[in-house]
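A structural walkthrough
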Amino acid sequence: MKAWLSRLQDLDFSPASPEELAKFELGSALPSLSVRLEADPAMGEGYRIRREPDGGTVISGGSSGILYGAYALIRSSLSGVSLPEDYASAPRYSLRMIDCWDNADGSVERGYSGRSLFFDGGRLRYDPSRMRELGRLMASVGLNVLCINNVNVHFPAQLLLEDYLPEAAALADLFRPFGVRLMFSVDFSQPMRHGIPTADPMDPAVQAWWKETAARVWKAIPDLAGFLVKADSEGRPGPFTYGRNHADGANMLADAVRPFGGIVIWRCFVYNCRQDWRDTKTDRPMAAWDNYAFLDGQFAENVILQIKHGPFDFQVREPLSPLLLGMKHTNLALELQLAQEYTGHQIDIYTMIPMWHELFDELPTENIMSVAAVSNLGNDANYTGHPLAAVNFFTYGLLAWDPSVDAASAVTSWVKMTYGFAPDQEQALSSLLLSSRGIYEKYTAPLGICWMVTPHDHYGPNPDGYEYDLWGTYHKANRDAVGIDRTAAGTGYILQYPEWMQRKYGDPATCPDLYLLFFHRLPYTFRMQDGRTMIQRIYDDHFEGFAETQAMAETVRTLPFPSPDREIILERMDRQLRNAKEWCDIINTFFFRLSGIPDGHGRKIYD
Ligand code: GCV
């Protein structure tokens, strides 16, 4: 299976360079087109495609630029979206990353599409032809960095920097012609495996160990992109153990990798995961800011702080993380999650690009210097479990290249490339995908409240499942009111935002409805902007969300998906229907039992 590249010829050899691959792709996908490739190393990853008076086409660019130009031409031809006569493009961000949460034992943390493509039984073990397909899928949408192992570095993944290095170097060789560089997640305490009694970043022995290690690693893989680090988060080791801050930790690693052009990607997902639900002072969304904002300007130039898009954890609706707006003197990366951890496990249809555009509506593109997304891939034949989840990988690549890419045309291009449908069917599938996020949001946790999901597994409803837990994830629904007051009068979270955002979200009368319960604690009878009471809006959204899922299922059944996609899609659609019904009934019942307020339209809510 080659996902959206299924109309291309099999790649049954290992190309030596991006140019060779570009020639192969153009020759097989567009045989009637006369295309000349013109190397212009100064253009780097950028490319220019121009028509010559004689009818030929010239693609100029740096080595991978030529390859991206070739794929742009192929995408344009397969999706029928023509390019201007003279078209130039360059990526907005130089690092466009896929972060895999694959463990050495072959399991994938939050993976919903089979086992790891890279590891099995504690070793690097992969199918080279699938690696080529993956490289091709990445290059075809402009993605250029692949972090192959989980940020939770469980043993023996540490051996990537040690015994497994020769095999890792062979893997890097496989990806190089696709313009893809590898990255490794590293364990901050790794020096302690080697007789050093500490991982303190200020300790000379620790510093020396990382320097020697970096030298050895980059000798084996000279173009390794860098190290990715999850430190002091959810039980991972980090600088806090030694009374150091995260600039101390990140800068120490940055010193070690700098001579080789390496980057340290340092994640900001740091919060108190042992909170007491009775503690009303600690508000988890505030944690990243509290841990990092004061360090602005103190990180080395080859450190990038990677920040999840929202202050919680990839919920269906969260405001933009304030850290992405507040750290003006630090290199930042936006972290998205293609894996549908909280958004339907690649069983429910959930197309993300509308959500990403909402983020960029508030996030100036220049605030960040790179983008990363947690992978939704596994060794299922179709890579993404649900065939329609591939649209998220495809559109993520286009967005990482150019955040202003049009959502509808990106989704439609994917539909056209993947399925040769008639125009009305193509239109039906595109609009179904584009509306899927809104539908999922309606039948799950309401109005930005988050965390009403089944604990740990994160599929299906459990409105009180996280309420008395230690993760800082509370909604505090009682018989009168629901939500957390995060205004200045409440936890003060809102004060982490620039003033214009404080104004936008701070007053419940003007706060956009879908964010209402993220920022405010309100009575069920609160009047929404559309005149409905909040409780009525909750009931309406849930009934509508389920009805819209039923309509979605009807459409899905009429579409002529080829086998085996059709069987997989229909089976998952049935599961989604059951899930939507469960969410609708449980959430409505939960709020009805608490509030005692009946549905204004007399629909069935269980007592
Ligand atoms: C890789 C959430 C997920 C964890 C994940 C973590 C992270 O807590 O549930 O599985 O761990 O985020 O992003 O580090």
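As the structure is a prediction and not an experimental result, all values here were calculated from the model.

Thresholds applied
- Residues numbered from 1 in each chain as written.
- Predicted model: local features only at pLDDT ≥ 70, side-chain atom pairs only at ≥ 80, totals over all residues.
- Heavy atoms only, no water.
- 1 Å grid on protein atoms, 1.4 Å probe; cavity = no way out; pocket = protein on both sides within 12 Å on 5 of 7 lines; lining within 4 Å.
- Points joined across faces, edges and corners; volume = space filled by probe spheres on them.
- Helix = DSSP H or I, 4+ residues; strand = E, 2+ residues; numbered from the N terminus.
- Nonpolar A, V, L, I, M, F, W, Y, C, P; charged D, E, K, R; others polar.
- Axes fitted to C-alpha atoms, helices over the stretch in contact; angles between N-to-C directions.
- Parallel < 35°, antiparallel > 145°, perpendicular 65-115°, else oblique.
- Contact = heavy atoms within 4.5 Å.
- Core = buried A, V, L, I, M, F, W, Y, C linked by side-chain atoms within 4.5 Å.
- Buried < 20%, exposed > 50% of the residue type's maximum accessible area, 1.4 Å probe, protein only.
- Near = heavy atom within 4 Å.
- Polar contact = N/O pair within 3.5 Å; in protein donor to acceptor, adjacent residues only side chain to side chain.
- Sits in = over half its atoms within 2 Å of the grid points.
- Pairing = 2+ DSSP bridges.

**Quick look at empty space enclosed by the protein**
If you walk through the whole model with that rule in mind, you get six cavities of 30 Å³ or more. Quantified by volume, the largest cavity comes out at close to 130 Å³. When contributions to the lining of the largest cavity are tallied by element, the ones reaching two or more residues are α7 (287–292) and β12 (303–308). Residue contributions to the lining of the largest cavity peak at three residues, all from β12. Each residue belonging to the lining of the largest cavity can be placed in one class, and the counts come to ten nonpolar, three polar and four charged.

**A few points about the packing of helix α2 (residues 63–79) against helix α11 (residues 407–418)**
Their axes nearest at 8 Å, the elements α2 and α11 cross at an angle of 75°. Here α2 lies roughly perpendicular to α11, going by the angle between them. Between α2 and α11, the contacting residues are Arg 75, Leu 78 and Ser 79 on the first element and Ser 413, Lys 416 and Met 417 on the second.

**A few points about the nonpolar core**
Across soluble globular proteins, nonpolar side chains show a tendency to be buried alongside one another. Core analysis: the largest hydrophobic core is formed by 209 residues, its most contacted members being Trp 4, Phe 118, Leu 146, Phe 184, Trp 266 and Phe 591. Top element by residues in this core is helix α16 (residues 565–595). It accounts for ten residues.

**Some thoughts on the site of the ligand**
Close contacts around the ligand come from 15 residues, with Glu 109, Lys 230, Arg 267, Lys 308 and Glu 341 the closest. One of the side-chain nitrogen or oxygen atoms of Glu 109 is found 2.5 Å away from an oxygen atom of the ligand. Between an oxygen atom of the ligand and a side-chain N or O atom of Glu 341, the distance comes to 2.6 Å. With respect to the pocket detection grid, the ligand is positioned in the second largest pocket. Its residues placed into classes, the shell around the ligand shows four nonpolar, three polar and eight charged.

**What about the sheet that holds strand β14 (residues 370–374)?**
Neighbouring strands of a sheet are bound in pairs by backbone hydrogen bonds; such pairs are parallel or else antiparallel. Pairing is parallel around the closed barrel formed by eight strands, whose spatial order is β5-β8-β9-β10-β11-β12-β13-β14. Here the strands of the sheet are splayed against their neighbours by 25° on average, with no regard to which way each runs. Sheet topology places β12 next to strand β13 (residues 332–337); four bridges connect them, and they run parallel. Pairing of Leu 305 across the sheet is with Leu 332, part of β13. Together, β10 (226–229), β11 (263–267) and β12 form the strand contacts of helix α6 (residues 246–257), whose direction differs from that of β11 by roughly 160°.

**Some details on the environment of His 345**
Relative to the elements of secondary structure, His 345 occurs in the loop between β13 and α9 (353–362). Between the C-alpha atoms of His 345 and Ala 215, which are 130 residues apart in sequence, the distance is 40 Å. Among all residues touching His 345, those that are not within four sequence positions of it are Tyr 112, Gln 340, Asp 457, His 458 and Tyr 459.

**Focus on the sheet that holds strand β2 (residues 47–51)**
Pairing is mixed across the open sheet formed by four strands, whose spatial order is β1-β3-β2-β4. Each edge of the open sheet carries a strand with a single partner, namely β1 (35–39) and β4 (86–89). Adjacent strand axes in the sheet meet at a mean angle of 15°, parallel and antiparallel pairs treated alike. Here five bridges tie β1 to strand β3 (residues 57–61), and the two strands are oriented parallel to one another. The partner of Ala 39 across the bridge, within β3, is Gly 61.

**Side note on the layout of surface pockets**
What the largest pocket holds in volume is close to 510 Å³. As for the largest pocket, its lining consists of 26 residues, and the residues nearest its centre are Arg 75, Leu 83, Tyr 87, Leu 398 and Val 405. If you list the elements that add at least two residues to the lining of the largest pocket, you get α2, β4, α3 (128–140), α10 (390–401) and α11. Ranked by residue count, the leading element in the lining of the largest pocket is α2, at six residues. Of the residues assigned to the lining of the largest pocket, the class counts are 14 nonpolar, nine polar and three charged. By volume, the second largest pocket amounts to about 320 Å³. Forming the walls of the second largest pocket are 21 residues, and the residues nearest its centre are Arg 110, Glu 234, Asp 313, Glu 341 and His 458. Class assignment of the residues belonging to the lining of the second largest pocket gives a composition of eight nonpolar, four polar and nine charged.

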